[in-house]
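Residues per chain are reported as follows:
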Amino acid sequence: DTAVSQTPKYLVTQMGNDKSIKCEQNLGHDTMYWYKQDSKKFLKIMFSYNNKELIINETVPNRFSPKSPDKAHLNLHINSLELGDSAVYFCASSQLDFKNTGELFFGEGSRLTVL
Amino acid sequence: RKEVEQDPGPFNVPEGATVAFNCTYSNSASQSFFWYRQDCRKEPKLLMSVYSSGNEDGRFTAQLNRASQYISLLIRDSKLSDSATYLCVVTTEGGGADGLTFGKGTHLIIQP
């Protein structure tokens, strides 16, 4: 079983559209994340979320919104897509003590292309 | 100055050689350090933690120099399968949205 799974793996869409990427983890982890990796391979945190707290990277446009129906899921919704949103989006999860272990478990990524 | 800096490479290294690369960090309050590996078009995965006294895992050795604020990764007897991008990760209390900062990675290519 895949520990962190995200769908779709590939997404091609037009500017201005709204799209969602789904993420599920079966590891029983407390915290989930969304990362963006652009064409220069820079991996940047967008959100982290657990049952109690949503932490938003202040540089993320408010067109991006995380939605968590339950502890095992954290979906990413993007409104009014722009060309610059083209990137690979990684979902990840961790235990609360991840800063000691350093271990984030990443999904395989969702490659978004905005035309 | 960027929080975590790495030479992007690529480092082209013949199979069997030893290769080392560094990562510098700007925040002296940084607490924990890790190396991740990312294969082409794949997700990053934890390679190893970096301990203050240095640590080894098979052919891989990680070291931390707090005085000069850098960590290093050394790979001995390199294999073709070591070709990947190696990401330096630094944790800082209160830093970033989750206190975990990734470097841009160093691209390593092992050549036969």
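Scroll up a little and you will see the structure.
Residues numbered from 1 in each chain as written. Chains lettered and ligands numbered in written order. Predicted model: local features only at pLDDT ≥ 70, side-chain atom pairs only at ≥ 80, totals over all residues. Heavy atoms only, no water.

### A look at the overall build of chain B
Then step 1. Assigned secondary structure in chain B consists of zero helices and 11 strands.
Then step 2. Mapped in sequence order, the helices and strands of chain B form the string β-β-β-β-β-β-β-β-β-β-β.
Then step 3. The C-alpha atoms of chain B give a radius of gyration of 14 Å, which matches the 13 Å a tight globule of 112 residues would have.
Then step 4. A buried classification covers 46% of the 112 residues belonging to chain B.
Then step 5. In chain B, once contacts between residues fewer than 6 apart in sequence are set aside, the share between residues at least 24 apart is 57%.
Then step 6. Approximately 5400 Å² of chain B is accessible, and the part contributed by carbon and sulfur atoms is 47%. (Helix = DSSP H or I, 4+ residues; strand = E, 2+ residues; numbered from the N terminus. Rg over C-alpha atoms; globule rule 2.2 N^0.38 Å. Buried < 20%, exposed > 50% of the residue type's maximum accessible area, 1.4 Å probe, protein only. Contact = heavy atoms within 4.5 Å. Areas by Shrake-Rupley, 256 points an atom, 1.4 Å probe, with all protein chains shown as cover.)

### Details of the nonpolar core
Generally speaking, nonpolar side chains in soluble globular proteins are found buried as a group.
Then step 1. Grouped together as the largest cluster of nonpolar side chains are 22 residues, with contacts concentrated most on F21(B), W35(B), I71(B), L73(B), I75(B), Y86(B) and L108(B).
Then step 2. Listed by contribution, the elements that provide at least two residues to this core are β3 (19-25), β4 (32-38), β5 (44-50), β7 (60-65), β8 (70-75), β9 (84-91) and β11 (106-111) of chain B.
Then step 3. Listed in part, the 19 residues of the second largest apolar core include M32(A), W34(A), F47(A) and L76(A). (Core = buried A, V, L, I, M, F, W, Y, C linked by side-chain atoms within 4.5 Å.)

### Things to note about the pattern of salt bridges
Then step 1. Throughout the structure, instances matching the rule amount to eight salt bridges over all chains.
Then step 2. Its salt-bridge partner being K9(A), residue E108(A) comes within 3.2 Å of it at the nearest N-O pair. Highlighted residues: E108(A) in the loop between β10 (105-106) and β11 (110-114) and K9(A) in the loop between β1 (4-7) and β2 (10-13), separated in sequence by 99 residues.
Then step 3. Classification of E108(A) by relative accessible area gives partly exposed; the value is 41%.
Then step 4. You can call K9(A) partly exposed: its relative accessible area is 41%.
Then step 5. Taking the shortest distance from any N to any O, the salt bridge between D82(B) and R59(B) comes out at 2.8 Å. Taken as a pair, D82(B) in the loop between β8 and β9 and R59(B) in the loop between β6 (55-57) and β7 lie far apart in primary sequence, 23 residues in all.
Then step 6. Judged by relative accessible area, which is 2%, D82(B) ranks as buried.
Then step 7. Shared partners join several salt bridges into a network, and the residues in it are R63(A), E82(A) and D85(A). (Salt bridge = Lys/Arg side-chain N within 4 Å of Asp/Glu carboxyl O.)

### Brief notes about the pairing of β11(B)
Residues and elements named next belong to chain B.
Then step 1. Only one face of β11 is covered, namely the face carrying T106, L108 and I110; the face carrying H107, I109 and Q111 is uncovered.
Then step 2. Bridge count between strand β2 (residues 11-14) and β11: four bridges; the pairing is parallel. Its bridge partner being in β11, F11 is matched across the sheet by L108.
Then step 3. As paired elements, β9 and β11 share three bridges and run antiparallel to each other. Its bridge partner being in β11, T85 is matched across the sheet by H107. (Pairing = 2+ DSSP bridges.)

### What to know about the state of the cysteines
By definition, a disulfide is the covalent link that joins the sulfur atoms of two cysteine residues.
Residue and element names in this part refer to chain A.
Then step 1. The tally for this structure, following the rule as stated, stands at two disulfides over all chains.
Then step 2. In this model C23 forms its disulfide with C91; the gap between the sulfur atoms is 1.8 Å. One disulfide, between C23 and C91, carries an S-S torsion of -75° and so falls in the left-handed class. Here the residue C23 occupies a position in strand β3 (residues 19-25), and C91 occupies one in strand β9 (residues 87-94), the gap between them amounting to 68 residues. (Disulfide = S-S within 2.5 Å.)

### What to know about the packing of aromatic side chains
Then step 1. The tally for this structure, following the rule as stated, stands at 12 aromatic pairs over all chains.
Then step 2. Between the aromatic rings of F11(B) and F21(B), the centroid separation amounts to 5.8 Å while the plane-to-plane angle is 85°, which identifies the pairing as edge-to-face. Of this pair, F11(B) sits in strand β2 while F21(B) is found in strand β3, placing the two residues 10 residues apart along the sequence.
Then step 3. On the basis of an interplanar angle of 45° and a centroid distance of 4.8 Å, the ring pair of Y25(B) and F33(B) is categorised as tilted. Per residue, the accessibility class of Y25(B) equals that of F33(B), and both read buried.
Then step 4. Chaining the aromatic ring pairs together yields one cluster made of Y33(A), Y35(A), F90(A), F106(A), Y36(B) and F102(B).
Then step 5. Over the face of the ring belonging to F42(A) we find K104(B), whose NZ or CZ atom lies 5.5 Å from the ring centre. (Phe/Tyr/Trp six-rings, centres within 6.5 Å; stacked < 30°, edge-to-face > 60°. Lys NZ or Arg CZ within 6 Å of the ring centre and 35° of its normal.)

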